[in-house]
Amino acid sequence: MPFSSLASLGQEAPLRILLVDAGKSMSIAAAGVVQPWRTVARLMGPQCLQVEVLPMQDIFDGRAPQGQYRHISLVVSDEEFVPLVPAHLRALSEYCQPSKVWGAVGSAVLWLVQAGAMDGLRTALPWSLYGETDEAADRAILTPNLFEFDGGRFSCCGGMASVDFTLTLIEALYGSDVQAQVKEILCIDRVRAQSDRQRVALQARFGALQPKLSEAVALMEANIEEPLATDDIANLVGISRRQLERQFKQYLGSVPSRYYLELRLQRARQLLLDTNHSIVQVGLMCGFSSGSHFSTAYGALFGLTPRDERQRKLRPAAGSSSVI
């Protein structure tokens, strides 16, 4: 589900956002969510946006406000993962559930997974918590991405990715101009994409248990400019094509060709945002011999063309004087 589907929610006035802070003190993840939203609230005023920060313990102790509707609710924690008793897992999910969309950031994602709130949904679980998963995690579709939005649920791996997640959500709700103002105020250069990978997630999750899968992904990452055929990858890692496809489907929720294509497009996005290579050069560097194929595939994944992406890179600088 693309973040752009949330655009209509941004028309609500005031938009009410609940941030449940599960940490003992303000963590990196919490600051990365709270500060951008507080900046938007100052820019737009309380008649447009209201942000509430609630300690998680208030929910468990019965002190949390009842009967208040929020459009978005997020549970945020970057602390070391602490298991919750079933009653607390249930209370947490039930408190957030009435919101239009809701989810978790950082280690709090695992609480929602264990509560069954992410069953059948693409979920960005912090790579460091893969060892903490149990049979409940098998019902969610764990991805190595920085953040996900699926079935009305948010999940973000936390840390500095919480900033990328929040700015992506701000853009979806209020547009690129508001996002650019927040980026300038907070001195943020660029926003990583939803589909960017947690760098060590695959190895942490599959390295020992699924070495062939990790090896196949490593081959893909090493051969972006001249992509390998799926049969060649299967032969190089020593399994059949059918076995390779089964592992990708089971553990990554995709087929090898689609996963490979997304890797190449993610690399293309990075080059468009971080270098001055021409769009044609970027396409060739990422294995696209046809400009039209590159543009179509890029648009299907990111919702805009490579040319539009390059123009977005330049837009914040052009509009910076309006904030000063």
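For the structure, see preceding data.
Not measured: the values here are computed from a predicted model.

**Q** Just give me the short version of the overall build of the chain, but keep the residues and values in it.
**A** On a plain count of helices and strands, the chain comes out with 14 helices and eight strands. Against the globule reference of 20 Å for 324 residues, the chain gives a C-alpha radius of gyration of 20 Å, in line with a compact fold. Across its three principal directions, the C-alpha atoms of the chain cover 60 × 50 × 30 Å. Taken over 324 residues, the chain has a buried fraction of 50%. A separation of at least 24 residues holds for 71% of the contacts in the chain among residues at least 6 apart in sequence. Distance between charge centres in the chain, computed from 31 positive and 33 negative side chains, equals 3 Å.

**Q** I'd like a rundown of the environment of C157, residues and numbers included.
**A** Take C157: it is sitting in the loop between β8 (153-156) and α5 (161-174). Residue contacts for C157: discarding those within four places in its chain leaves G106, A124, L125, P126, L146 and Q198.

**Q** Describe the packing of aromatic side chains, and please don't skip the residues or the numbers.
**A** For the structure shown, the criterion picks out 11 aromatic pairs. Ring centres 4.7 Å apart and planes at 25 degrees place the aromatic pair F149 and F154 in the stacked group. Accessibility assignment for this pair places F149 and F154 in one class, buried. Following the ring pairs from residue to residue traces out a cluster consisting of F3, F147, F149, F154 and F165. The ring centre of F288 lies 4.2 Å from the NZ or CZ of R264, which sits over that ring.

Thresholds applied
As a convention, each chain's residues are numbered from 1 in the sequence order in which they are written. With the structure being a predicted model, the display of local features is reserved for residues of pLDDT at least 70 and the display and counting of side-chain atom pairs for 80 or more, all residues being used for whole-chain, interface and lining totals. Hydrogens and water molecules were not included; the side-chain quantities draw on all heavy atoms of the structure. We count a stretch as a helix when DSSP gives it H or I for four or more residues in a row; a strand needs E for two or more, and each element gets its number in order from the N terminus. In this treatment the radius of gyration is a C-alpha quantity, and the globule benchmark scales as 2.2 Å times the residue count to the 0.38 power. Whether a residue is buried, partly exposed or exposed follows from its accessible area with a 1.4 Å probe, protein chains only, as a fraction of its type maximum: under 20%, in between, or over 50%, in that order. Residues are treated as being in contact if the distance between any of their heavy atoms lies within 4.5 Å. Counted as positive: Lys and Arg. Counted as negative: Asp and Glu. His and the chain ends are not counted at all. Note on charges: their place is set at NZ of Lys, CZ of Arg, CG of Asp or CD of Glu. Two rings from Phe, Tyr or Trp (for Trp, the six-membered ring) form a pair when their centres sit within 6.5 Å of each other. Planes less than 30 degrees apart are called stacked, planes more than 60 degrees apart edge-to-face, and all others tilted. Placement of a charge over a ring requires the Lys NZ or Arg CZ to be within 6 Å of the ring centre, with the centre-to-atom vector within 35 degrees of the ring normal.

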